[in-house]
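# Overview (structure and organization)
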Amino acid sequence: MIRFILLDIEGTTTDIDFVHKVLFPYSAERLAGFVAGHADEPDVQEALQSVQATVQAEDHRQIDRAGAVETLLRWIREDRKHTALKQLQGLIWKAGFEQGDYQGHVYPDVPVALENWKREGIGLGIYSSGSVQAQRLLFAHSVSGDLTPYFSHYFDTKVGGKKESQSYRNIAAQLQLPPSAILFLSDVAAELEAAAATGMQVIQLARDGQMPPDAPYLAVSDFSRIPVAAFTAG
Ligand SMILES: [Mg+2]
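Residues numbered from 1 in each chain as written. Predicted model: local features only at pLDDT ≥ 70, side-chain atom pairs only at ≥ 80, totals over all residues.

## A look at unusual backbone geometry
For His 60, which is not glycine, the phi dihedral falls at a positive 55 degrees. Looking at the secondary structure, you find His 60 in the loop between α2 (42–59) and α3 (65–78). Overall, the presence of 7 C-beta atoms within 10 Å leaves His 60 in the exposed class. Phi at Gln 176 takes a positive value of approximately 55 degrees, unusual for a residue other than glycine. Note that Gln 176 resides in the loop between α7 (165–175) and β4 (182–186). (Helix = DSSP H or I, 4+ residues; strand = E, 2+ residues; numbered from the N terminus. Buried ≥ 20, exposed ≤ 12 C-beta atoms within 10 Å, placed from the backbone.)

See below:
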């Protein structure tokens, strides 16, 4: 019997393009202006110093603030996972959400399903590689309004990588539920495999409607096709 549904974001609740075609270009466009406008704030200073330290260590070059901005823009193009970049992007995206420059994309079937599942008494949570802060922002400022009241838990890679079974064991332990009472939804087969290996139930999302030809799991194109009644009855 399913007591908790754990949801991936990109490709599951949300169009992958929202991150790559909205959030990433926005952070690139706003970076120089944001750094100039917030240069005296401690977390911005800390991020800039961290960029300077990395360039010093890797290229033996000293760079000023403009050089740091240039480096950060190159890292965005290279999709480099540097903590300073993530930190600054988080701050820029927060400002963008709060100013209403964009709203977090969720597919229209998502809020309907969340409401139905909540009514059935099923707990709901998110597991995404984006930071917990970024997850909350996306759902707080979504195209369907504030969806954060639906979620009791948010997990990011602090519990471990999404393709590692131990991460799903950690999540089950934090939820104080046996893995078999948890249903995990994701578009990525390797994540579903890692979760299923712990005994979690899993369903694959194929948002483009192209069902994987030999998927070992149930695959659906949207949340309205998830037969939770069948799981809860068991
Ligand atoms: Mg995904």
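## Notes on the domain arrangement of the protein
The domain boundaries assigned to the protein delineate domain 1 (4–15 + 103–233) and domain 2 (19–99). Each of domain 1 and domain 2 has a C-alpha centre, and the two are 30 Å apart. Of the residues that constitute the side of domain 1 that touches domain 2, the class distribution is two nonpolar, three polar and one charged. (Domains from an automatic or database assignment. Nonpolar A, V, L, I, M, F, W, Y, C, P; charged D, E, K, R; others polar.)

## Structural notes on helix α8 (residues 189–196)
Within α8, the full set of buried residues consists of Glu 191, Leu 192, Ala 194 and Ala 195. One side of α8 carries all its buried residues, which in axial view fall inside an arc of 160 degrees. If you follow the buried residues of α8, they end up packed against α7, β4 and β5 (201–205). (Arc of directions from axis to C-beta. Contact = placed C-beta atoms within 7 Å.)

## Some remarks on the nonpolar core
In terms of nonpolar packing, the biggest core is built from 52 residues, with Ile 5, Leu 6, Leu 88 and Phe 184 touching the most fellow members. Summarising the domain contributions, this core has at least three residues from each of domain 1 (4–15 + 103–233) and domain 2 (19–99). In this view, Leu 6 contacts Gly 125, Tyr 127, Ile 171, Ile 182 and Phe 184; residues no more than four positions away in its chain are not counted. (Core = buried A, V, L, I, M, F, W, Y, C linked by C-beta atoms within 7 Å.)

## A closer look at α7
Turning to α7, its buried residues are Ser 167, Tyr 168, Ile 171 and Ala 172. Along α7, the residues classed as buried sweep out an arc of 135 degrees about the axis, all on the same side. Along α7, the residues that are exposed and aim more than 90 degrees away from the buried face are Ala 173 and Gln 174. Looking at the packing, one finds that the buried side of α7 touches β1 (4–7), β2 (123–127), β3 (153–155), β4 and α8.

## Focus: the packing of helix α4 (residues 83–99) against helix α6 (residues 132–140)
At their nearest, the axes of α4 and α6 sit 10 Å apart, and the two run at 15 degrees to each other. Comparing the axis directions of α4 and α6 gives the class roughly parallel. For the pair α4 and α6, the crossing hand works out as left-handed. For the pair α4 and α6, the contacting residues are Gly 90, Trp 93, Lys 94 and Phe 97 in the first and Gln 133, Ala 134 and Leu 137 in the second. (Axes fitted to C-alpha atoms, helices over the stretch in contact; angles between N-to-C directions. Parallel < 35°, antiparallel > 145°, perpendicular 65-115°, else oblique. Left-handed = near helix turned anticlockwise from the far one by under 90°.)

## With respect to the environment of Ala 39
By secondary structure assignment, the location of Ala 39 is in the loop between α1 (16–37) and α2. Taking the C-alpha atoms as reference points, Ala 39 and Ser 129, 90 residues apart in sequence, are found 28 Å from one another. Ala 39 has contacts with Val 44 and Arg 65, leaving out every residue within four places of it along the chain.

## What to know about the sheet that holds β1
Taken together, the six strands give an open sheet; going across it, the order is β3-β2-β1-β4-β5-β6, and neighbouring strands pair in parallel fashion. Looking along the sheet, the strands with just one partner apiece sit at the ends: β3 and β6 (218–220). For this sheet, the mean inter-axis angle between neighbouring strands, taken without regard to orientation, is 25 degrees. Bridge count for β1 against β2 is four bridges, and the pairing is parallel. Paired with Leu 6 across the bridge in β2 is Gly 125. (Pairing = 2+ DSSP bridges.)

## Some details on the environment of Phe 4
By the secondary structure assignment, Phe 4 is in strand β1. On the neighbour-count criterion, Phe 4 (21 C-beta atoms within 10 Å) is buried. Between the C-alpha atoms of Phe 4 and Met 211, which are 207 residues apart in sequence, the distance is 25 Å. Apart from residues no more than four positions distant in its own chain, Phe 4 is found in contact with Ile 122, Gly 123, Gly 125, Leu 175, Leu 177, Ala 181 and Ile 182.

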